Amino acid sequence: MSAPIPITAAPLDISAILADRAARVIVCCGSGGVGKTTTAAAIALRAAEQGRKVVVLTIDPARRLAQSLGVADLDNTPQRVELGPEAKGELFAMMLNMRRTFDDMVLEHTSGDKAEQIFANPFYQTVASSFGGTQEYMAMEKLGQLAARREWDLIVVDTPPSRNALDFLDAPKRLGNFLNGKMIRVIMAPGRGVTRILTGAMSLAVRGVSTIVGGQMLKDASNFLQSVESLFGGFQDRADRTYAMLSKPGTHFLVVAAPEPDALREASFFVDRLASERMPLAGLVLNRTHPTLSALPAENALTAADQLAETNPLAAAVLRIHAHRASTDRREQHLLHRFTGAHPRVPMVAVTALPFEVSDLAALRVVGDQLAPAAEGDRITTGAAGDQFAHGATGDQSAPKRN
């Protein structure tokens with residue numbers, strides 16, 4: 001059951017996206033704690049059970065995706081998720097390991113001896129594991145690799161839970177700026193780079209850098225950059241191609257939010273950012289909403305509860321629960337109207353808060369039923385979690401904010 005969407009917003013039809021064989025990439029982005037990982041996993045599961053061969057890639061270093069899919073651990077290589085005999089397709093899952101991705105890129109594009117020299121370089125070890133922006137560069141690289149292999153007909157990407165979630169879109173530009181920077185050109189200049197820096201025939205600015213970071217580190221940096229100059233050039237081309245793929249039809253960006261002020265504010269940021277990059281925004285997934293099951297106003301419910309408090313305490317308690325839910329729903333609708341006022345053309349789908357934690361395939365199917373309702377012939381048995389939801393279990397999905 002989905003919450004009512006304001007009339008200014010068109011419904012987001014995720015079922016149509018999954019049924020479209022031209023749709024090859026779905027990118028889920030949003031702030032932390034809004035159910036973004038759960039959304040990505042539920043969409044990937046739904047697509048696989050409807051016959052597609054899907055890989056879901058998480059850039060988030062947390063382990064939530066593995067837990068919800070029932071996989072012991074995820075690494076840089078796609079792992080099959082066991083779906084059962086009723087599934088028509090296949091599902092694989094993986095988690096980005098930026099160091100492993102960097103290492104694999106070096107091995108693929110250099111000789112064995114040269115690769116070993118690069119791996120032993122202290123500057124490379126720093127860049128590959130902790131240098132600012134490396135995760136975003138490697139996310140673009142890994143996404144490009146998955147798309148180029150054409151082994152999967154749908155790739156679902158779960159981005160990090162922060163405003164940096166879309167920084168991988170900047171990877172081609174940042175890399176070009178890095179390689180074309182004045183300091184990099186000085187360091188890489190054959191016969192002039194480090195030698196010039198260390199002999200003092202340089203500007204005071206460069207001499208200051210040598211004093212701060214040390215001559216040996218600059219030597220390591222020079223050796224590293226000269227060794228991988230052609231590698232970075234190839235990466236620049238691949239990143240440009242991946243960026244172009246993300247901007248074309250066949251890619252769908254989903255912004256995930258919760259009906260809370262901060263989350264919807266972040267959602268507005270993502271919508272504006274995608275618009276500025278001219279990326280194909282599919283719409284907004286509004287997670288953990290609290291629609292009411294009755295049109296009875298909250299004030300009337302509280303009045304009736306007071307009247308029944310002594311004669312029928314159970315009915316009074318139910319009325320008070322309804323009044324609280326109605327107040328919550330009214331608040332959420334008010335927040336949502338503010339978002340739609342600023343973004344009236346963004347399609348939406350809402351997912352009702354569940355009375356249990358989304359931590360296994362059965363629960364993911366319940367979420368998938370709300371995101372992309374399956375045709376009767378395609379429906380998979382949900383299991384215990386689905387039965388609990390179907391039989392009207394009550395509660396608030398506060399725990400799943402960790403998903």
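Residues numbered from 1 in each chain as written. Predicted model: local features only at pLDDT ≥ 70, side-chain atom pairs only at ≥ 80, totals over all residues. Heavy atoms only, no water.

Draft legend 1. Representation of the overall build of the chain. The number of helices and strands found in the chain is 17 helices and eight strands. A burial count over the chain gives 52% of its 403 residues as buried. Contacts in the chain between residues at least 24 apart in sequence constitute 76% of all its contacts with a sequence separation of at least 6. When the accessible surface of the chain is summed, it comes to about 18400 Å², and 54% of that surface belongs to carbon and sulfur atoms. (Helix = DSSP H or I, 4+ residues; strand = E, 2+ residues; numbered from the N terminus. Buried < 20%, exposed > 50% of the residue type's maximum accessible area, 1.4 Å probe, protein only. Contact = heavy atoms within 4.5 Å. Areas by Shrake-Rupley, 256 points an atom, 1.4 Å probe, with all protein chains shown as cover.)

Draft legend 2. The pairing of strand 4 (residues 90-95), seen in detail. Along strand 4, five of the six residues are buried, which leaves the element largely enclosed by surrounding structure. As defined by bridge partners, strand 2 (residues 53-58) adjoins strand 4 across six bridges and the pair is classed as parallel. Following the sheet pairing, Val56 is matched in strand 4 by Ala93. As paired elements, strand 3 (residues 79-81) and strand 4 share three bridges and run antiparallel to each other. By the bridge assignment, Val81 is partnered in strand 4 with Leu91. (Pairing = 2+ DSSP bridges.)

Draft legend 3. Spatial organisation of the packing of aromatic side chains. The final tally for this structure, using the stated rule, is two aromatic pairs. With a centroid separation of 6.1 Å and 75° between ring planes, the pair formed by Phe92 and Trp152 is classed as edge-to-face. With Phe92 in strand 4 and Trp152 in the loop between helix 7 (134-149) and strand 5 (154-158), this residue pair connects regions lying 60 residues apart in the sequence. Given the relative accessible area of 3%, Trp152 is considered buried. (Phe/Tyr/Trp six-rings, centres within 6.5 Å; stacked < 30°, edge-to-face > 60°.)

Draft legend 4. Structural detail: helix 16 (residues 361-371). Most of helix 16 sits out of view: ten of its eleven residues are buried. Taken residue by residue, helix 16 has Leu361, Ala362, Ala363, Leu364, Arg365, Val366, Val367, Gly368, Gln370 and Leu371 as its buried positions. A distance of 3.3 Å separates the backbone nitrogen of Ala362 from a side-chain oxygen at the start of helix 16, and that oxygen is part of Asp360. (Polar contact = N/O pair within 3.5 Å; in protein donor to acceptor, adjacent residues only side chain to side chain.)

Draft legend 5. Quick peek at the confidence of the model for the chain. The predicted model of the chain has a mean per-residue pLDDT of 78, with 72% of residues at 70 or higher. Segment residues 1-7: pLDDT under 50, and 20 contacts once partners within four positions in sequence are set aside and those in other chains are kept. Confidence over residues 191-214 falls short of pLDDT 50; this stretch has 28 contacts with residues more than four positions distant or in other chains. (pLDDT = per-residue confidence, 0-100.)

Draft legend 6. Geometry of the packing of helix 14 (residues 298-308) against helix 15 (residues 313-342). Interaxial distance between helix 14 and helix 15 falls to 8 Å at its minimum, and their mutual angle equals 160°. Overall, the two elements helix 14 and helix 15 adopt an arrangement that is roughly antiparallel. Every pair of crossing elements has a handedness; the one defined by helix 14 and helix 15 is left-handed. Judged by residue contacts, Ala298, Glu299, Ala301, Leu302, Ala304, Ala305, Asp306 and Leu308 of helix 14 engage Pro313, Ala315, Ala316, Leu319, Arg320, His322, Ala323, Ala326, Ser327 and Arg330 from helix 15. Broken down by class, the residue content of the contact of helix 14 with helix 15 amounts to twelve nonpolar, two polar and four charged. (Axes fitted to C-alpha atoms, helices over the stretch in contact; angles between N-to-C directions. Parallel < 35°, antiparallel > 145°, perpendicular 65-115°, else oblique. Left-handed = near helix turned anticlockwise from the far one by under 90°. Nonpolar A, V, L, I, M, F, W, Y, C, P; charged D, E, K, R; others polar.)

Draft legend 7. Expanded view of the state of the cysteines. Per the stated rule, a full pass over the model turns up zero disulfides. We note that Cys29 lacks a disulfide partner, and the nearest cysteine sulfur, in Cys28, lies 7.7 Å from it. (Disulfide = S-S within 2.5 Å.)

Draft legend 8. Representation of helix 4 (residues 98-109) within the structure. The end-to-end C-alpha distance of helix 4 is 17 Å, a good match for the 16 Å that twelve residues give at a rise of 1.5 Å each. For helix 4, the side-chain oxygen to backbone nitrogen distance between the N-cap and Arg99 is 3.2 Å, and the N-cap itself is Asn97. (Expected span 1.5 Å × (residues − 1).)

Draft legend 9. Expanded view of unusual backbone geometry. Phi is positive for Arg150, which is not a glycine, with a value near 55°. The phi dihedral of Arg288 is positive, around 60°, even though this residue is not glycine. Positionally, Arg288 belongs in strand 7 (residues 281-289).

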